[in-house]
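As a plain string of letters, each chain reads:
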Amino acid sequence: MGAFDHMVSQVKGFRSRPGQRDMAAHIAQTLADVAWEDDTPQPAQQADWVPSAGVGPVRGIAVVQAGTGVGKSAAYAATVIPLALAQQKRVIISTATVALQEQLIAKDLPALSAALPHPFAFALAKGRGRYVCRLKLEQLATADPDGVDLFDADMVGSSDAASSERNSQRREERGALYERWCADLDAGHWDGDRDRLAEPPSGEWWAPVAAERHTCTARHCPAYNSCSYYQARARLAQAQVIVVNHDLLLSTLGLRALPAPDDCYVIFDEAHHLSSVAQGQFTSAMDWMRTQWLDRLPRAVEDVAAGIQYTVGVDVTQLSKSIKSAQGELARMGMMRIAQQPAWTALVSRTPRSGERREGNDHPPPVIDRLDQGALPSEWVPWIESLQNDASALLKVFEGMATQLKAQARDNPGDAPRLAQLYSRLGVLAPRLQSVEETARRWLEAPVGQQPPLAKWLEAQVNNGLVTLSAHACPVQPGQLLRHHLWQRVRAAVVTSASLTTCGTFDHFLRESGLYGDPAVSTREVQSPFNHAEQGRLVVVQTQADPKDVEAYTHEMLATLMVDLQQVERGALVLFTSRAQMKQALLALEQGANRDLRERVLVQGDASRTVLLQRHGDRVASGLASILFGLQSFGEGLDLPGELCEWVFITKLPFASPSDPVGQARADWVKAQGRDPFSELVVPATGARLLQWTGRALRTENDQAVVVCYDPRLLRQAYGRRMLQGLPPYRLQRRVNGQDVDVNP
Ligand code: SF4
């Protein structure tokens, strides 16, 4: 460890601490025996790979929970990067948040690089869609604003004269903006990265010009040599350390956009997000209402086929019509189900009429209708089969034409601009066809053996006065997805976060992330250097009302919270479990003696997070009290050291109730296996959330803070005591009749 200590002492901003050394030693030990020879790769497509000792190369995966203050980025960076450089391997650091990416790129990696005898190159990898497609931009900047827009998605809105006038105006404005961007690119004032635009564009205006795999002929494109995305990729190829986010890493597996994970060291920081990211990645969806793209499809295929002398061989018009008619019929039947839901009646009654504005950005959630056990209504089956067959037949045509287009572009470079344009006409339609085919295929899938059925559901929403209805499907075990798609490709990895254990064990995390039973895994819990018992108190309020009696509990909890907030002299954070609960607290602030508190409160959603935190910091710095009201994302991501957060108020246990369709489907399946989904899924997930929420309180060794949890179940119920076991050792107190009394461990 001498080398590690020496290095950390050389790096500006790094500081050696006992926990950090422990973490570094564990990582070094785990990765020491990794074998890099390529003779025994794991078959990535093998269906039921269960890792077992002696199969494949020696892999090493260090799973480390590092409590707040350990300095985990220094521990892994100062261990893994020198090791990788010595072996001429590259390092990928994958994170969940932009904040951590910025810290690595702006602070940790430059400092470490400067301290090493041979500096290393590092870069931030962004998804293709963050870069402009120069070809599309130039075409749209010079297009007739009222002409056919090759890249437009279905226009959402009514088709009356006023609306088409508005659309035409918007196209003109958009054309002017695109012209400015073109000029900035040509002049070298902009590098095509969306994040570097002075004014962030709306998604609606960015989407038509964003680089996209399906519309890109890569080196056959006439703009390839000046393409922003490929230039960024070339810079990435020079980097020895690449910072990326989990989404991008998972979505590019097998696509060669990043170094192959089995040929480099991979560090997953904020790894507790991996399972939810995986779930999002493997959800497929098709829209049953917005089907205008199917009207454009036959013409696009006809034009492209004529342009490359391709014989299509199937009746594309008939297939498109058939898909449209199946989607129409399914939409009709789906809406009949949705309309029976009280939630739909409530959503429609709250939807502003034409010309009315919705207050703030408070969009109601969509109405979800899950198919029990993933079973389709029998009358839907022929329509779904028809969708899958027709979409599959059209995709074959697309694949044939794409192959021919690329071949012609290769053989006739002079014709590349025309061919690239034809390719992009297929490219805007291909992902939609793929979504139809994939979702329909998954909807038709029946569970195999002991496997759980896929989660399948409908989502209905009202957007700009138009009803939308989409069908979705997703496998319910994220761990299995990660095992098949990720871990089989990884040889050497560090998997870390401040919250990997729940209720005191790694089991839940390992199962959720697909690492359970993998012999390459070695776990270590590195305690925070903070003295929690001295620095913090955790007070559990014993309310009279049962939290299950929502009305009585909320009434009592808010009354107590208002009294507690009067004690706040500097920074505080109040974490709510729902928007409705937060709204009730805001109403309580408008009553009687609570009114003077209102001006001290900053509410999540009233301004951007950056602005809110700036205001909070300014108020605290000027000696005032400032109280942040927030929901789950504030419970996880805020770093408020010292006076910025002397109190954390938790209004109720943050139950991660499986209310989403995938969670519900999974809970049903666990129950059908004779197991208890509450104990197996809900309690560990809630324990993990509680660990994050309480973790907002102490951020440095000098902090002093109090966490107040108003939910008495944390002490009264066995599952509450299980969650307590997973929290750091705060001084634990029970509040009875206004008195905080120590609870003996
Ligand atoms: S190479 Fe691809 S992304 Fe780049 S400009 Fe051409 S089509 Fe667009």
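For the structure, check the block above.
So, a few notes on the structure that sits alongside this text. These numbers were taken from a predicted model, which means no experiment stands behind them.

Thresholds applied
- Residues numbered from 1 in each chain as written.
- Predicted model: local features only at pLDDT ≥ 70, side-chain atom pairs only at ≥ 80, totals over all residues.
- Heavy atoms only, no water.
- Buried < 20%, exposed > 50% of the residue type's maximum accessible area, 1.4 Å probe, protein only.
- Helix = DSSP H or I, 4+ residues; strand = E, 2+ residues; numbered from the N terminus.
- Pairing = 2+ DSSP bridges.
- Axes fitted to C-alpha atoms, helices over the stretch in contact; angles between N-to-C directions.
- Contact = heavy atoms within 4.5 Å.
- Phe/Tyr/Trp six-rings, centres within 6.5 Å; stacked < 30°, edge-to-face > 60°.
- Near = heavy atom within 4 Å.
- Nonpolar A, V, L, I, M, F, W, Y, C, P; charged D, E, K, R; others polar.
- Core = buried A, V, L, I, M, F, W, Y, C linked by side-chain atoms within 4.5 Å.
- Parallel < 35°, antiparallel > 145°, perpendicular 65-115°, else oblique.
- Left-handed = near helix turned anticlockwise from the far one by under 90°.

**A word on the pairing of strand E16 (residues 647-650)**
With burial as the criterion, each face of E16 is covered, one bearing Trp647 and Phe649 and the other bearing Val648 and Ile650. For strand E13 (residues 571-575) and E16, the ladder comprises 4 bridges, and the chain directions are parallel. Bridged to leucine 573 within E16 is valine 648. Taken together, the 4 bridges between E16 and strand E17 (residues 705-709) define a ladder with parallel strand orientation.

**Regarding the sheet that holds strand E10 (residues 492-497)**
Pairing is parallel across the open sheet formed by 7 strands, whose spatial order is E3-E4-E2-E5-E10-E1-E11. Bordering the open sheet on either side are strand E3 (122-124) and strand E11 (521-526), each of which pairs with just one other strand. The mean angle between the axes of side-by-side strands here comes to 15°, regardless of whether they run parallel or antiparallel. Bridging between strand E1 (residues 60-66) and E10 involves 6 bridges; their strand directions are parallel. Residue pairing in the sheet places isoleucine 61 in a bridge with alanine 493 of E10. Set on the sheet, helix H2 (residues 18-31) makes contact with E1, strand E5 (264-268), E10 and E11; between it and E1 the angle comes to about 165°.

**A few points about the sheet that holds strand E14 (residues 601-603)**
Read across the open sheet, the 8 strands follow the order E14-E15-E13-E16-E17-E12-E18-E19; overall the sheet is mixed. On the outer flanks of this sheet lie E14 and strand E19 (739-742), each paired with one strand and no other. Strand-to-strand twist across the sheet, computed as the mean angle between neighbouring axes with direction ignored, equals 20°. As paired strands, strand E12 (residues 536-541) and strand E18 (residues 731-736) are joined by 5 bridges and run parallel to one another. Bridged to valine 540 within E18 is arginine 734. The sheet strands contacting helix H21 (residues 579-588) are E14 and strand E15 (626-630), and the helix crosses E15 at an angle near 145°.

**Things to note about the packing of aromatic side chains**
Applying the stated rule across the entire model yields 19 aromatic pairs. When the ring of tyrosine 131 is compared with that of tyrosine 229, the centres are 6.0 Å apart and the planes differ by 55°; the resulting orientation is tilted. Of this pair, tyrosine 131 sits in the loop between E3 and helix H5 (134-141) while tyrosine 229 sits in helix H8 (residues 228-238), and the two are 98 residues apart along the sequence. By relative accessible area, which is 7% here, tyrosine 131 ends up buried. Note on tyrosine 229 and tyrosine 230: the rings are 4.9 Å apart at their centroids and 70° apart in plane angle, and the pair reads as edge-to-face. Exposure class is identical for tyrosine 229 and tyrosine 230. Each is buried.

**With respect to the site of the ligand**
The full set of residues close to the ligand is Cys133, Arg134, Leu135, Ala211, Cys216, Ala218, Cys221, Ala223, Cys227 and Tyr230. Partitioning the shell around the ligand into residue classes produces 9 nonpolar, no polar and 1 charged.

**Quick look at the nonpolar core**
Judged by nonpolar contacts, the single largest core of 53 residues is most densely connected at Trp288, Leu297, Leu387, Leu433 and Trp443. Where this core is concerned, the elements lending two or more residues are helix H11 (293-308), helix H12 (316-339), helix H13 (342-350), helix H14 (381-411), helix H15 (416-427), helix H16 (430-444), strand E8 (455-463) and strand E9 (466-474). Sort the elements by how many residues they give to this core and H14 lands first, with 11 residues. If near-sequence neighbours (up to four positions away) are discounted, leucine 433 is found in contact with Trp293, Leu297, Ile323, Ala391, Leu394, Leu395 and Phe398. One finds Ala75, Val80, Leu116 and Ala492 within the second-largest nonpolar core, a separate group that totals 39 residues.

**Digging into the environment of leucine 248**
Relative to the helices and strands, leucine 248 resides in helix H9 (residues 246-251). Distance in space between the C-alpha atoms of leucine 248 and glycine 127 is 6.1 Å, their sequence separation being 121 residues. If we skip the residues at most four places from it in the chain, leucine 248 touches Ala125, Lys126 and Gly127.

**A look at the pairing of E13**
The side chains of a regular strand alternate between both faces of the sheet. Among the 5 residues in E13, 5 count as buried, and that is most of the element. Relative to E15, E13 runs parallel, the two sharing 5 bridges. Counted as the bridge partner of leucine 573 is leucine 628 from E15.

**What about the packing of H11 against H12?**
The geometry of a pair of packed helices is captured by two quantities: the angle between their axes and the separation between those axes. Relative orientation of the contacting elements H11 and H12 amounts to 165°, with a least axis distance of 9 Å. Between H11 and H12, the angle falls in the class roughly antiparallel. When the axes of H11 and H12 are compared, the crossing they make is right-handed. Only Val316, Thr317, Ser320, Ile323, Lys324 and Gln327 of H12 make contact with H11, whose side of the interface consists of Leu294, Asp295, Leu297, Pro298 and Val301.

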